[in-house]
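# A closer look at the structure
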Amino acid sequence: MCGIIGYVGHRPAAEILINGLRRLEYRGYDSAGIALIDNGRLNILKNAGKVNLLAERMRASWNAELLNRATLGIAHTRWATHGPPTEVNAHPHTDQTGRLALVHNGIIENYASLRRQLEGRGHKFLSQTDTEVLAHLIGEFYKGDLVDAVCAALKHVEGTYGIACVSADLPGAMVVARKGSPLLIGVGENETIVASDVSAIISHTRQVIYLDDNDVALVTAAGAEIRDINNISVSRAVASVDWEESAAEKGGFAHFMLKEIFEQPDALQNTMRGRLDEEMGSAFLAGLQFTPREMAGIRRVVILACGTSMHAGMVGRYFFEELADLPTEVEQAAEFRYRNPLIGGHDLVIAISQSGETADTLAAVREAIQKGALVVSLCNVVGSTIARETGRGVYLHAGPEIGVASTKAFTSQLLVLLMMALKFGRSRRLSREEGLEICREVRSVPGLVRETLKQNDAIAALAARYAKARDFFYIGRGLLYPVALEGALKLKEISYIHAEGYHAAELKHGPIALLDENVPVLALACDVPGKDKTFSNIQECRARQAPVLSVVTDGDPSLPEMLTDIIRVPPSSPRLTPITVVVALQLFAYHVARIRGCPIDQPKNLAKSVTVE
Ligand code: G6P
């Protein structure tokens, strides 16, 4: 997500900070900023857009003396979560006095109530960010000891943070802290570099201290004094990093896609953060405010999306129909406006788009708005066109997705759709107890994904057996039918193997004619309704000599003996099975493509964001 770099030492900070930001660019960002402390003054520059633009503006706006003299500063690349990617929302943010500056990664969940309290005490805010609220809070506690002030402020904060904070009154030192968002301290020769990511540090030093949650550190050129949040000293070991710089960019993973697959437990945690109402068994989705009249008037849900996002919508359909008793249709966005879509004020249209820029989805959104439907969006990129034009919606908070093949956005989309269906369900038919049960399910998702990821080596071994296939069929039914489509899409996107997803029952209406010993079938036979019928479909494939690779529920006592090649996912409620299964299928596609030597992060002919119809 966002990136932090800070420097204190004997060399000019500006260039080191800008180069550090460049090392963080791979994480994806939409704005950048820098603060330098010099001669008792705080100098800040920030802008929407690229680090290069920031570097140019810095050279044009700040004189050479400042650039060469200042040896203390912080900088940031922002990936918007609260408020669009504008100059005013970019970090660093200052406190009420304008003498203290803060950069922050993570999400302050209770920022709205903190902001109201601070406004009540006369604070004025310039941005829409949660970070500015934290800067003001630290500023309010600052009475000459910045560590004290940071500790005091953080005690009022709910959520996650990695922060670096400087003050014009404190030459030669900064204060950093972490909870839930990584922060590390690189210890050099008479200089110290802090960053959210080791890739920004290793060109300077390989001696690194990884902060633990609730650590607060006073950082000077001589190193770091680390305290806990009660300002009591703690000691942390210095580790030696042996990564190559190129590997560090991807967090040690060989490809962005693999990194993003493994990020899913954290991404899902961020997606649900602060959104479960564990009191009422519902979901807080602040961007989905409806008047009681609008809410009561909804008769149907229409989901519009393309590609992977459409597959998420197809799973979402089951959630809305089951939990909210709402008839739900899913439509390829590209098709929508070329029919005469019979849509109006009683329809809730949900546009799903990771990028928020897909041209077909945007065109369908405009059509639905024009026809008077209630239109909301589910996007990952804050401030994207679809998010802006719909006005109402929910952000995924999954972090930037760089690999062209969508992975973590898909699972976060499923989680948001489940929470949306829960919210609607609670207002229509679900009891509080049923709602609480679904809250419990949602909370278990990151753990289930973590369990599934443990199958990585086993899946890699199976992938080696299937990597030479020219054609593949994926079959599933019910909630797992859209997952079969998504699994087949992943395989063809990155391995270039021809793969088709089919409803398990549809196979015998044509495609079965193509099966033989050279055409494997990947069958989704987990413990969900319809499983026994899928077992029969597997028999039919085996009878045509097709090799069958089955995804099953670990510990399922009813597995037929004929299943030989098996991928196991942990037991869960059927509603959550699409999430665990798709993670297994992402890994399978990844390993097949790796074994075939494909350019996984830049597959031929594909684009991350398709802005033409
Ligand atoms: C492109 C991407 C897919 C994505 C689709 C929809 O085809 O390669 O991964 O699923 O667009 O993108 P969106 O940003 O609207 O979810």
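Just so we're clear, the structure is a prediction, and the values are computed from it rather than from any experiment.

## Points about the environment of Glu451
Turning to its location among the elements, Glu451 is positioned in helix α16 (residues 432-453). Separated by 367 residues in the primary sequence, Glu451 and Pro84 have C-alpha atoms spaced 35 Å apart. Only 2.7 Å separates the side chain of Glu451 from the side chain of Lys454, close enough to count as a polar contact.

## Thoughts on the nonpolar core
Grouped together as the largest cluster of nonpolar side chains are 94 residues, with contacts concentrated most on Ile350, Met420, Phe424, Phe472, Tyr474 and Phe588. Built from parts of two domains, this core gets at least three residues from each of domain 2 (256-451) and domain 3 (456-595). Setting aside its immediate chain neighbours within four residues, Phe424 contacts Leu288, Phe290, Met295, Ile298, Phe320, Ala324, Leu326 and Leu348. Formed by 32 residues, the second largest nonpolar core is a distinct cluster that contains Leu66, Leu184, Ile202 and Val208.

## Focus: the environment of Pro341
In this fold, Pro341 is placed in the loop between α12 (333-336) and β19 (347-353). A C-alpha to C-alpha distance of 52 Å links Pro341 and Ala35, two positions 306 residues apart in sequence. What Pro341 contacts, discounting residues up to four positions off in sequence, is Phe336, Glu367 and Lys371.

## Some thoughts on the sheet that holds strand β23 (residues 498-503)
Strand order in the open sheet formed by five strands is β23-β22-β24-β25-β26, with parallel pairing between adjacent strands. Either end of the sheet is taken by a strand with one partner, and the two such strands are β23 and β26 (565-569). Between one strand and the next, the sheet's axes are offset by a mean angle of 20 degrees, whatever the strand orientation. Summarising the sheet, strand β24 (residues 521-524) and strand β25 (residues 548-553) pair through four bridges and their orientation is parallel. Paired with Leu524 across the bridge in β25 is Val551.

## Structural notes on the layout of surface pockets
Quantified by volume, the second largest pocket comes out at close to 850 Å³. Along the wall of the second largest pocket there are 30 residues; nearest its centre are His82, Tyr111, Arg275, Ala286 and His397. If one sorts the elements of the lining of the second largest pocket by residue count, strand β21 (residues 392-395) sits on top with four residues. Partitioning the lining of the second largest pocket into residue classes produces twelve nonpolar, twelve polar and six charged. No fewer than three residues from each of domain 1 (2-241) and domain 2 (256-451) sit in the lining of the second largest pocket.

## Some remarks on the side chain of Ser495
Tracing the sequence through the fold places Ser495 in helix α18 (residues 480-495). For Ser495, a relative accessible area of 1% translates into the label buried.

## Observations regarding the site of the ligand
Near the ligand, the surroundings consist of 14 residues, among which Ser309, Ser353, Gln354, Ser355 and Thr358 are the closest. Between Gln354 and the ligand, the recorded distance is 2.7 Å, taken from a backbone N or O atom to an oxygen atom. When the ligand sits alone it has 390 Å² of accessible area, and the protein chains cover 89% of it. Looking at the shell around the ligand, the element that brings in the most residues is helix α11 (residues 307-324), giving three residues. Per-class residue counts for the shell around the ligand are four nonpolar, eight polar and two charged.

## As for the packing of α16 against helix α20 (residues 577-595)
Running from amino to carboxyl end, α16 crosses α20 at an angle of 35 degrees, the nearest separation of the two axes being 9 Å. For the crossing formed where α16 meets α20, the hand is right-handed. Contacts from Val445, Leu448, Val449, Thr452 and Leu453 in α16 reach Ile579, Thr580, Val583, Ala584 and Leu587 in α20. Class assignment of the residues belonging to the contact of α16 with α20 gives a composition of eight nonpolar, two polar and no charged.

## What to know about empty space enclosed by the protein
One pass over the structure, following the stated rule, counts one cavity of 30 Å³ or more. Here the largest cavity is characterised by a volume of approximately 70 Å³. Lining the largest cavity, in full, are Cys2, Arg78, Trp79, Thr81, His82, His91, His104, Asn105, Gly106, Thr129, Asp130 and Thr131. Mapped onto the lining of the largest cavity, the elements with two or more residues apiece are β6 (100-105) and α5 (130-141). Its residues assigned to classes, the lining of the largest cavity shows two nonpolar, eight polar and two charged.

## A few points about helix α13 (residues 359-370)
Taking 1.5 Å per residue as the helical rise, α13 with its twelve residues ought to reach 16 Å, and the 17 Å between its terminal C-alpha atoms agrees with that figure. Burial analysis of α13 places nine of its twelve residues in the buried class, the great majority of the element. Those residues of α13 that fall on the buried side of the exposure criterion are Ala359, Asp360, Thr361, Leu362, Ala363, Ala364, Val365, Glu367 and Ala368. The secondary structure elements touched by the buried residues of α13 are β17 (300-305), α12, β19, β20 (374-379) and α14 (385-390). Following α13 by one or two positions, Gly372 has its phi on the positive side, about 90 degrees.

## Quick word on the pairing of strand β11 (residues 207-210)
Note that strand β9 (residues 184-187) and β11 share three bridges and pair antiparallel. Along β11, the bridge assignment pairs Gly186 with Val208. Taken together, the two bridges between β11 and strand β14 (residues 239-240) define a ladder with antiparallel strand orientation. Considered in β14, the bridge of Val208 is made with Ala239.

## Describing helix α4 (residues 111-120)
Among the residues making up α4, those that are buried are Leu114, Arg115 and Leu118. The arc that holds every buried residue of α4, seen down its axis, measures 100 degrees, which confines them to one face. The exposed residues of α4 that point more than 90 degrees off its buried face are Arg116 and Gly120. For α4, the elements touching its buried residues are α5. Looking at the residues trailing α4, positive phi occurs at Gly122, about 95 degrees.

## So, the environment of Leu134
Relative to the helices and strands, Leu134 is located in helix α5. Classification of Leu134 as buried rests on a relative accessible area of 2%. Along the sequence, Leu134 and His93 sit 41 residues apart, while their C-alpha atoms lie 8.9 Å from each other. Non-local contacts of Leu134, meaning those with residues more than four positions away in its chain, are made with Leu102, Ile108, Leu154, Val157 and Ile163.

Reading the values: the criteria
- Residues numbered from 1 in each chain as written.
- Predicted model: local features only at pLDDT ≥ 70, side-chain atom pairs only at ≥ 80, totals over all residues.
- Heavy atoms only, no water.
- Helix = DSSP H or I, 4+ residues; strand = E, 2+ residues; numbered from the N terminus.
- Polar contact = N/O pair within 3.5 Å; in protein donor to acceptor, adjacent residues only side chain to side chain.
- Core = buried A, V, L, I, M, F, W, Y, C linked by side-chain atoms within 4.5 Å.
- Buried < 20%, exposed > 50% of the residue type's maximum accessible area, 1.4 Å probe, protein only.
- Domains from an automatic or database assignment.
- Contact = heavy atoms within 4.5 Å.
- Pairing = 2+ DSSP bridges.
- Axes fitted to C-alpha atoms, helices over the stretch in contact; angles between N-to-C directions.
- 1 Å grid on protein atoms, 1.4 Å probe; cavity = no way out; pocket = protein on both sides within 12 Å on 5 of 7 lines; lining within 4 Å.
- Points joined across faces, edges and corners; volume = space filled by probe spheres on them.
- Nonpolar A, V, L, I, M, F, W, Y, C, P; charged D, E, K, R; others polar.
- Near = heavy atom within 4 Å.
- Areas by Shrake-Rupley, 256 points an atom, 1.4 Å probe, with all protein chains shown as cover.
- Left-handed = near helix turned anticlockwise from the far one by under 90°.
- Expected span 1.5 Å × (residues − 1).
- Arc of directions from axis to C-beta.

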